[in-house]
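Here's the letter readout for the chains.
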Amino acid sequence: MQLDGRLRAVDGAIRDALLHCASIVSRDPRIRVLIRALTFSSGARWHVAQPVPVEDLTWPALPPAGGYTDLGAALREVSGALGALPEDPTALPPVLVLVSDGEPTDEYQIGLQVLASAPWGARAQRFAVGIGPDADLAVLQEFLGRPDARPVHVARPDHLAEVLRAVWSGAHQAAAARVGPAVARPAGPPRSDPVNGIRPVRWERGTPERARAGPSAAIDFGTTYTSAAVRDAAGTVTTIAFDSGHTRYPSGVLRQPGGSLLVATQAEAQAAMHPHAFEPTPKRLVGHETVVLGGEEMAVVDLVAAVLRHAADEVHRQHGRGLPVVLTHPADWRGARLGMLVDAAGRAGLGEVTLVPEPVAAAAAYTSGDSVAVGALAAVYDLGGGTFDAAVVERTDDGWRLAGPPAGIDPLGGVDFDRLLLDHLGDVVADRKPEVWAKLDDPPDMAWRRHRRELQREVRAAKEALSAHPAWTVYVPGAEESVTVTAEDLERLIGPLVDRSVELMVATIAEAGCTPRDLHALYLTGGSSRIPLVHRRLWDALDTEPRTRADPKLVVVTGALG
């Protein structure tokens, strides 16, 4: 890989794919997956030297590249490792995934011959992905070794995650076909389709913790934005105003040259000048130990703590110290993820915290002051900036609890909608001014990085405006012209993703042992849930009118306080 920014994007994509693979393995007792990884630049080196069960693997950050692509050396090293494997007739063929963004700089054909001569090398399932304009797809085709197979080409590293998830899913399906039908488990995670990023979880019915009585504060750590609220002695809940009076702030974190961290709007303001030191969505990293920012490895828990500390400092400034704190979290977080969230809270100075699942908080917000019968069921559809979550909750004597296994799709949210709309604009601009779009798509310097960030803001504003207007004009910085997009354009682009979320909502309701007719209500939360297409597709699928708030982004944080 040629640039630090690309390495970070590839790191994120691989981590995402490994989580997806681990979720598949957790649901299939027939198959065990061991992971090794090798990098190649000037020579080839083992990155994960020994086979590690995928569910135990913490992906280490990729090292800086040296400008070479010694594919032949890598293939010879892999062949040696495969040659050391025992000839076990019950073992499944290994899966080889080659990812490259350049042309080979050594005698790769010799490496291919050595790989083909190794028994396991010849039998291995092979996948190849090329990144960017310099990837040599003809060489990747040779690696696949089959005329009917084709390498996958992605324009940028941030498009890699979906491809790798599909690779794991395809490899699992092939393996499952060889080992025969699975043995049914009497209890455990939902049987939803694990393909395409759907997050299965192990679930047990129970009553989650609730906010303590009396004055308290809540923080909703979101994928793209974070918010906070306070409940006073009279029980009145108010949201905290941050920079410029906004009730939420960006969750991004930037590492400064000296090692200190900037968060929120300050981090975003510096991101164009230090793009490789900026992490826009640290919530997606929860569960991983480290990430590389600005060329230095950092603990993910410290990034999360920095985001939480920003909220805590404002709560303390406006309402004083000593308030008990409630933290919300995705309903499917367990074990290491919740442990990291609690650890980050401690590092942020929050002390002991109460944890409340996000769908439980959302239901509480919608029914605050209402009389809802004990045992009533509600579905919660949470479509935020980076993830989608679905859950069914049940009314109890003192609040709500999960009534069935929650599910989610990560990534799926407003960020993905922005990317699709940006790609659509890119097609238009590339036809008119291809040299301009090439610089906007892969900025060569700071000026063009600023243009790209400005364009991303324009695209986000257009997406939000198209929820209320039939058309919107987007200014394209650097091109010095504008492009008009319509609500119809947006719905065509995001329709398949919205359909995936609705299908998972339907499946989650069924997993809870109920039907849409059994629901007291369907509650929507998350900023992207305001999109009219979401309402229409949900109403059509469930024959239930969705309920939403004027600002669905604040539903969870206010509901967390009961």
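Quick caveat: nothing in here was measured; it's all calculated off a predicted structure.

A. Fine view of the sheet that holds strand S3 (residues 95-100). Read from one edge of the open sheet, three strands run S3-S4-S5, paired in parallel fashion. Strands with a single pairing partner mark the edges of an open sheet, and in this sheet they are S3 and strand S5 (152-154). For this sheet, the mean angle separating the axes of adjacent strands, direction not counted, is 20°. In terms of strand pairing, S3 meets strand S4 (residues 125-131) through six bridges, oriented parallel. What sits directly across from valine 95, in S4, is glutamine 125.

B. Structural detail: unusual backbone geometry. Of note, the phi angle at alanine 264 is positive, near 60°, even though the residue is not glycine. Note on placement: alanine 264 falls in helix H7 (residues 264-271). At aspartate 543, a residue that is not glycine, the phi angle is positive and equals roughly 55°. Position of aspartate 543 relative to the elements: it lies in the loop between helix H15 (532-542) and helix H16 (555-559). With relative accessibility at 65%, the residue aspartate 543 sits in the exposed group.

C. Fine view of the side chain of arginine 231. Inspection of the secondary structure puts arginine 231 in strand S8 (residues 225-231). Aspartate 232 is the oppositely charged side chain nearest to the buried, salt-bridge-free arginine 231, at an N-O distance of 7.0 Å. Here leucine 561 takes part through its backbone oxygen, which lies 2.3 Å from a polar atom of the side chain of arginine 231.

D. Broad picture of helix H2 (residues 71-83). The end-to-end C-alpha distance of H2 is 18 Å, a good match for the 18 Å that 13 residues give at a rise of 1.5 Å each. Listed in full, the buried residues belonging to H2 are Leu71, Gly72, Ala73, Ala74, Leu75, Ser79, Ala81 and Leu82. Tucked into the core, H2 has its buried residues touching strand S1 (34-41), strand S2 (43-53), S3, helix H3 (108-117), helix H4 (119-123) and helix H5 (137-144).

E. Geometry of the packing of aromatic side chains. Inspection of every chain in the model, using the stated rule, returns three aromatic pairs. Taking the centre distance of 4.5 Å and the plane angle of 10° together, the rings of tyrosine 366 and tyrosine 523 count as stacked. You can see tyrosine 366 sitting in helix H10 (residues 358-366) and its partner tyrosine 523 sitting in strand S24 (residues 519-525), a full 157 residues away along the chain. Taking relative accessible area as the criterion, tyrosine 366 reaches 3% and is therefore assigned buried. Judged by relative accessible area, which is 0%, tyrosine 523 ranks as buried.

F. Seen up close, the pairing of strand S20 (residues 399-402). Pairing analysis gives four bridges linking strand S19 (residues 388-396) to S20, with the strands arranged antiparallel. Considered in S20, the bridge of valine 393 is made with leucine 402. In this antiparallel pair of consecutive strands, S19 and S20, the connection spans two residues.

G. Expanded view of the nonpolar core. With 77 residues, the main nonpolar core has Tyr381, Ile494, Met505 and Leu538 as its most contacted residues. If you tally residues by element for this core, the top one is helix H14 (residues 487-511), at nine residues. Taken domain by domain, this core gets at least three of its residues from each of domain 2 (216-351) and domain 3 (414-490). Residue contacts for leucine 538: discarding those within four places in its chain leaves Tyr381, Val502, Met505, Leu522, Leu524, Asp543, Thr544 and Pro546. Counting residues in hydrophobic clusters, the runner-up holds 39 residues, among them Phe242, Ala264, Ala311 and Ala344.

H. Representation of the confidence of the model for the protein chain. Per-residue pLDDT for the protein chain has a mean of 85; in total, 89% of the residues score no lower than 70. Across residues 181-205, where pLDDT falls below 50, the model places 73 contacts with residues more than four positions away in sequence or in other chains.

I. The arrangement of the packing of H14 against H15 in detail. Close contact between H14 and H15 brings their axes to 9 Å; oriented N to C, the two are set at 40°. Relative to H15, the element H14 is oriented oblique. For H14 against H15, the interelement crossing comes out right-handed. Residues Glu491, Ile494, Gly495, Val498, Asp499, Val502, Met505, Val506 and Ile509 of H14 touch H15, and the partners they reach there are Leu533, Val534, Arg536, Arg537, Leu538, Ala541 and Leu542. In terms of residue class, the contact of H14 with H15 is built from 11 nonpolar, one polar and four charged.

J. View of the environment of threonine 515. Checked against the element boundaries, threonine 515 lands in the loop between H14 and S24. Separated by 27 residues in sequence, threonine 515 and leucine 542 place their C-alpha atoms 8.7 Å apart.

K. Broad picture of the pattern of salt bridges. Enumeration according to the criterion identifies 13 salt bridges in this entry. We note a salt bridge from arginine 347 to aspartate 302, for which the minimum N-O separation is 2.7 Å. Remark: aspartate 302 occurs in helix H8 (residues 300-319) and arginine 347 occurs in helix H9 (residues 335-347); sequence separation between them is 45 residues. For arginine 317, the salt bridge identified is with glutamate 314, shortest N-O distance 2.5 Å. Taken as a pair, arginine 317 and glutamate 314 lie in helix H8 at a separation of three residues, close to a single helical turn. Residues participating in the shared-partner salt-bridge network are Asp302, Asp343 and Arg347.

Calculation notes
- Residues numbered from 1 in each chain as written.
- Predicted model: local features only at pLDDT ≥ 70, side-chain atom pairs only at ≥ 80, totals over all residues.
- Heavy atoms only, no water.
- Pairing = 2+ DSSP bridges.
- Helix = DSSP H or I, 4+ residues; strand = E, 2+ residues; numbered from the N terminus.
- Axes fitted to C-alpha atoms, helices over the stretch in contact; angles between N-to-C directions.
- Buried < 20%, exposed > 50% of the residue type's maximum accessible area, 1.4 Å probe, protein only.
- Lys, Arg positive; Asp, Glu negative; His and termini not counted.
- Salt bridge = Lys/Arg side-chain N within 4 Å of Asp/Glu carboxyl O.
- Polar contact = N/O pair within 3.5 Å; in protein donor to acceptor, adjacent residues only side chain to side chain.
- Expected span 1.5 Å × (residues − 1).
- Contact = heavy atoms within 4.5 Å.
- Phe/Tyr/Trp six-rings, centres within 6.5 Å; stacked < 30°, edge-to-face > 60°.
- Core = buried A, V, L, I, M, F, W, Y, C linked by side-chain atoms within 4.5 Å.
- Domains from an automatic or database assignment.
- pLDDT = per-residue confidence, 0-100.
- Parallel < 35°, antiparallel > 145°, perpendicular 65-115°, else oblique.
- Left-handed = near helix turned anticlockwise from the far one by under 90°.
- Nonpolar A, V, L, I, M, F, W, Y, C, P; charged D, E, K, R; others polar.

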